[in-house]
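This is what each chain is made of:
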Amino acid sequence: MSAVTAHRAADDRDAARVPVRRLTVLYDAHCALCSFVRDWLARQPQLVPLDLVPAASPEAGARFPWLDHRATLEEITVVGDGGQVYRGSAAWIVTLWALREHRPLAHRLSTPAGAKLAKGAVLAAAKWRGARRTDTGWGGGVYYSADGWSFHPRDGWSYTPPSCADGACATD
């Protein structure tokens, strides 16, 4: 019996028939895209409460000891309060379903045609993340204002090279 099967067998509730009353979104805290989406989710009106927990963190391990936490860093994973586990495009769809303004979109994405679109979006995000991955982790990491980066809610990230007017620039 696998850890997931043992978890579900020990749970009184049948995860397939229990209504979802809370979802936990596991996200990669070292990924700029994942952190951006986490912040966006936190600002959205929620019909179903979302707990946003860093994947493979001590908190995630304590909440879900039966999950493969290494896999949660590679693929978006959402866990329902009844033991339901959603991965990939299904995780995106159920997360949108929890949001008041995006539930209709979630219903459209849950159709066969919509599922292809959702899968494409997840694959595009994975490709973007993969392009930024380095041998030592995620490339770029944190953007610092001292390095010339700034974030504007309306326009997104922008870069202005630091000025050498104060004589702080190195010369060759």
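Our subject is the structure listed above.
Here is what the cut-offs are and how they apply
Residues numbered from 1 in each chain as written. Predicted model: local features only at pLDDT ≥ 70, side-chain atom pairs only at ≥ 80, totals over all residues. Heavy atoms only, no water. Core = buried A, V, L, I, M, F, W, Y, C linked by side-chain atoms within 4.5 Å. Buried < 20%, exposed > 50% of the residue type's maximum accessible area, 1.4 Å probe, protein only. Helix = DSSP H or I, 4+ residues; strand = E, 2+ residues; numbered from the N terminus. Contact = heavy atoms within 4.5 Å. Salt bridge = Lys/Arg side-chain N within 4 Å of Asp/Glu carboxyl O. Polar contact = N/O pair within 3.5 Å; in protein donor to acceptor, adjacent residues only side chain to side chain. Pairing = 2+ DSSP bridges. Axes fitted to C-alpha atoms, helices over the stretch in contact; angles between N-to-C directions.

So, about the nonpolar core. Counting residues in each nonpolar core, the largest one holds 18 residues, and the members touching the most others are Leu23, Leu41, Leu50 and Val78. Contributions of two or more residues to this core are made by strand 1 (23-27), helix 2 (32-43), helix 5 (88-97) and helix 6 (103-109). If one sorts the elements of this core by residue count, helix 5 sits on top with 4 residues. If near-sequence neighbours (up to four positions away) are discounted, leucine 50 is found in contact with Leu23, Val25, Leu41, Thr95, Ala98 and Leu99.

A separate point is the pattern of salt bridges. Oppositely charged side chains are able to pair whenever their charged atoms sit close together. Under the defined criterion, the tally for this structure stands at 5 salt bridges. Residues aspartate 51 and arginine 22 are paired through a salt bridge, measuring 2.9 Å at the closest nitrogen-oxygen approach. Taken together, the positions of aspartate 51 in strand 2 (residues 50-54) and arginine 22 in the loop between helix 1 (3-10) and strand 1 put the pair 29 residues apart, joining distant regions of the chain. Exposure remark for aspartate 51: the relative accessible area of 15% places this residue in the buried category. Arginine 63 is the partner of aspartate 51 in a salt bridge, and the nearest nitrogen-oxygen pair spans 3.3 Å.

This brings us to the side chain of aspartate 28. Note on placement: aspartate 28 falls in the loop between strand 1 and helix 2. A polar contact of 2.9 Å, which involves the side chain of aspartate 28, links it to the backbone nitrogen of histidine 30.

Spatial ordering of the open sheet is given by 2-1-3-4, a layout of 4 strands whose pairing is mixed. The open sheet has two edge strands with one neighbour each: strand 2 and strand 4 (85-87). Here the average twist between neighbouring strands, direction ignored, is 20 degrees. Examined bridge by bridge, strand 1 and strand 3 (residues 77-80) share 4 bridges and lie antiparallel to one another. Within strand 3, the position partnered with threonine 24 by the bridge is valine 79. In this fold helix 5 packs onto strand 1, strand 2, strand 3 and strand 4, with an angle of close to 115 degrees to the strand it touches most, strand 4.

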